[in-house]
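One-letter residues, chain by chain:
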Amino acid sequence: MNPSFAAIDQGTSSTRLLLASAGAAPQLPLALRNAPQHTPVPDGVEQAPLELLGKVEACLQAAGRVQAIGIANQGESCLAWDARSGEAARGRGQSAHRALGRPRRTR
């Protein structure tokens, strides 16, 4: 059996996984999970880190054993994890949610 490589795309609305093996056609998408969005304030959109992590884990479980993983994320958002606690990092008084940038054309 050829080694499999998983490509994960964490987008605004979903987590997608493509599985590829040497010499075989890619399976697109092998797994797709919706990524819920939260709107705490008007025109504000956030996503919960643990929900996103759960979606990635579910996609990887659907793929089975893989040799390597590549992850693509939205360019307009950022999420950091605390190395000591393993929890999503947050600023003082900030939510641990991932804030999403929303260009005017998508509002």
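Scope of this entry: the structure provided in the associated data block.

## Quick notes on a nonpolar patch on the surface
A cluster of nonpolar residues, L50, L53 and W81, forms a patch on the protein surface that exposes about 310 Å² of accessible area. By the secondary structure assignment, L53 is in helix 1 (residues 49-63). With a relative accessible area of 35%, L53 lands in the partly exposed category.

## Side note on the environment of I8
Along the chain, the position of I8 falls in strand 1 (residues 4-10). C-alpha separation for the pair I8 and N73, spaced 65 residues apart in sequence, amounts to 8.5 Å. Setting aside anything within four residues of it in sequence, one finds I8 in contact with T15, R16, L17, V56, L60, I69, G70, I71 and A72.

## Section: the side chain of S14
Mapping S14 onto the fold places it in strand 2 (residues 14-21). Here R16 takes part through its side chain, which lies 2.7 Å from a polar atom of the side chain of S14. With sequence-adjacent residues up to four places away left out, S14 is seen in contact with D9, L32, R33, N34 and A35.

## Re the pairing of strand 1
Side chains S4, A6, I8 and Q10 project from strand 1 onto a buried face, and the interleaved F5, A7 and D9 project onto a face without burial. Taken together, the seven bridges between strand 1 and strand 2 define a ladder with antiparallel strand orientation. Residue pairing in the sheet places A7 in a bridge with L18 of strand 2. In sequence, strand 1 turns back onto strand 2 through a hairpin of three residues. Bridging between strand 1 and strand 5 (residues 68-73) involves six bridges; their strand directions are parallel.

## Observations concerning the pattern of salt bridges
For the structure shown, the criterion picks out one salt bridge. Among the salt bridges present, the one from R16 reaches D9, with a minimum N-O distance of 3.6 Å.

## Details of the side chain of Q10
With respect to the secondary-structure elements, Q10 resides in strand 1. A polar contact of 2.5 Å, which involves the side chain of Q10, links it to the side chain of T15.

## Points about the nonpolar core
Formed by A6, I8, L17, L19, A31, V56, C59 and A63, the largest nonpolar core amounts to eight residues. Of all the elements in the fold, those that place two or more residues in this core are strand 1, strand 2 and helix 1. Looking at this core element by element, the count peaks at three residues for helix 1.

Each value, and the rule that gives it
Residues numbered from 1 in each chain as written. Predicted model: local features only at pLDDT ≥ 70, side-chain atom pairs only at ≥ 80, totals over all residues. Heavy atoms only, no water. Patch = residues over 30% accessible without salt bridge, like charges linked within 9 Å, V, L, I, M, F, W, Y side chains within 5 Å. Areas by Shrake-Rupley, 256 points an atom, 1.4 Å probe, with all protein chains shown as cover. Salt bridge = Lys/Arg side-chain N within 4 Å of Asp/Glu carboxyl O. Helix = DSSP H or I, 4+ residues; strand = E, 2+ residues; numbered from the N terminus. Buried < 20%, exposed > 50% of the residue type's maximum accessible area, 1.4 Å probe, protein only. Contact = heavy atoms within 4.5 Å. Polar contact = N/O pair within 3.5 Å; in protein donor to acceptor, adjacent residues only side chain to side chain. Pairing = 2+ DSSP bridges. Core = buried A, V, L, I, M, F, W, Y, C linked by side-chain atoms within 4.5 Å.

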